[in-house]
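Coordinate inspection notes
The primary structure of each chain is shown beneath.
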Amino acid sequence: MKNIYLDNAATTPIRQEVIDEMVKVMQSEYGNPSSTHSIGRSAKAIIETSRKTIAKQLHCNAQEIVFTSTATEATNWILRSAVKDFGVKRIITSKIEHHATLYTVQALQEEFDIAVEFVNVSHEGTIDYAQFSALFSNDIKTLVSLMHVNNETGVINDIEKIGIICHQNKALFHCDTVQSIGKTELNLQELAIDFLVASAHKFHGPKGAGFAYVRKNLVLQPMIFGGEQEKGWRAGTESVHQIAGMAKALELSFEYLNEERKYITDLKKYCFQKLQQVFPEFSVNGDDTFYNILNVLLPFSPEKTAMILFNLDMKGISVSRGSACQSGSAKPSHVLAEMLNEEELKKPSLRISFSHYNTKEEIDCLISALNEI
Ligand code: PLP
């Protein structure tokens, strides 16, 4: 049975060129980047070249990129340091953020008694910009944490507008760009973003490698104490091959961006049209969504709803219900729970997320498998 992987918002297959790069580094660059001899310096050079490669794609300075293990780690560090070290007394976020943000904010609220305010979200998954602006009526030291592309629905936040509102109100802006990095252009010289986070496995890189962008002159405190790695902010010997693989993956994502974006946009359109033919009553969760995510509400009975993921899985088809962390759980996704009404939540919502490795034939298989349930 051939596997059909349509869950690319959860993670992506690693590109062969990235695997080759990592193998090369593992075979020949075994030095400790902190060692002063030539073998160590050579490993250090790989890290610094990777940093420059990433910075170039995002139009920022290499010193503004900090390597971490995941985006979750980066978000935990940034939000905690903002509260502990920058004196942030209030965080504005939304209830449809990833749990990496929501649970960190909740923990900080309990620990430091900060104020937390939520931006309203519409039935279509978009945030209420007027209400967001109105939240700044007092001048408490504030950090805003709003994502770029929602991982469940693909709804896109206008981060240019959010950044402007933040900076007009002297608030710091942390942006979870996990779903958009490598899939769209981001110019950090033009965007008023102070912190962003990314994970390599979402752009065909390795798992366990991520990075934070921390705008110049914002001095955070260490998340892990020890050596001098990453300016002393994240001590511990660097994973040289993972970092090299991440930089290669990002570089390739941008090299192929236009053709892959066009290809994936076409696939999504094809999938939408096929669904419309077979299930005329289906609807899409979210308005104006990103080109690789299609979250659909299917007109299925409650009995069919319970079996849907299992049935697809038996046929080798991987899609997701809500976010990957929740698949298999009976709880509705916290994102859809915020957007949809009770009747809509009883029906199955499926997240279908594409990459350039998918084909129209795979989409045909998905549609016929859904039709047979
Ligand atoms: N933020 C978003 C929007 C995500 O989709 C994910 C992963 O699903 C994360 C954060 C966390 O990424 P990681 O598990 O790689 O830290």
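Reading the values: the criteria
- What you see as residue numbers is a count from 1 along each chain, following the sequence as written.
- Only residues with pLDDT of 70 or above have their local features reported here, since the model is predicted, and side-chain atom pairs are shown and tallied only from 80 upward, although totals for entire chains, interfaces and linings are computed over all residues.
- Just so you know, side-chain values use all the structure's heavy atoms and leave hydrogens and water out.
- Should a side-chain nitrogen of Lys or Arg be within 4 Å of a carboxyl oxygen of Asp or Glu, the pair is scored as a salt bridge.
- Here a helix means four or more residues in a row that DSSP labels H or I, a strand means two or more in a row labelled E, and each is numbered from the N terminus.
- Only protein chains enter the accessibility calculation, which uses a 1.4 Å probe. A residue is then buried if its area is under 20% of the maximum for its type, exposed if over 50%, and partly exposed in between.
- We call a residue near a molecule or strand when any one of its heavy atoms sits within 4 Å of it.
- Whenever a nitrogen or oxygen atom comes within 3.5 Å of another N or O atom, the pair is scored as a polar contact, on the condition that within protein one atom can donate a hydrogen and the other can accept it, and that pairs from neighbouring residues in sequence are kept only if both atoms are in side chains.
- Each residue is assigned to one of three groups, with Ala, Val, Leu, Ile, Met, Phe, Trp, Tyr, Cys and Pro labelled nonpolar, Asp, Glu, Lys and Arg labelled charged, and all others, Gly among them, labelled polar.

Let's shift gears to the pattern of salt bridges. Per the stated rule, a full pass over the model turns up 16 salt bridges. Notably, a salt bridge pairs Glu 48 with Lys 44, separated by 3.7 Å at the nearest N-O pair. Pair noted here: Glu 48 and Lys 44 are both in helix H2 (residues 38-58), with a separation of four residues, about one helical turn. The partly exposed category is assigned to Glu 48, whose relative accessible area is 25%. Across the salt bridge formed by Lys 274 and Asp 364, the nearest N and O atoms sit 3.9 Å from each other. Taken together, the residues Lys 274 in helix H8 (residues 257-278) and Asp 364 in helix H12 (residues 360-372) connect sequence positions 90 residues apart. Under the relative-accessibility criterion, Lys 274 is labelled partly exposed at 23%. Taking the relative accessible area as the measure of exposure, Asp 364 reaches 30% and is therefore partly exposed. Linked by salt bridges that have partners in common, Lys 44, Glu 48, Arg 51 and Glu 230 make up one network.

Within the secondary structure, Glu 361 is located in helix H12. Sequence spacing of Glu 361 and Ile 4 is 357 residues, and the spatial spacing of their C-alpha atoms is 9.9 Å.

Next up on the list: the site of the ligand. Surveying the vicinity of the ligand reveals the residues Thr 70, Ala 71, Thr 72, His 98, Met 147, Asn 151, Asp 176, Val 178, Gln 179, Ser 199, His 201 and Lys 202. Within the side chain of His 98, an N or O atom sits 3.5 Å from an oxygen atom of the ligand. One of the side-chain N or O atoms of Gln 179 is found 2.8 Å from an oxygen atom in the ligand. Classifying every residue of the shell around the ligand by side-chain character gives three nonpolar, seven polar and two charged.

In this section: unusual backbone geometry. Residue Asp 113 is not a glycine yet carries a positive backbone phi of 60°. Its location among the elements puts Asp 113 in the loop between helix H4 (99-112) and strand S4 (115-119). For Asp 113, a relative accessible area of 69% puts it in the exposed group. One non-glycine residue, His 204, lies in positive phi territory at about 65°. Relative to the elements of secondary structure, His 204 occurs in the loop between strand S7 (195-199) and strand S8 (210-214).

The analysis is restricted to geometry; functional conclusions fall outside its scope.
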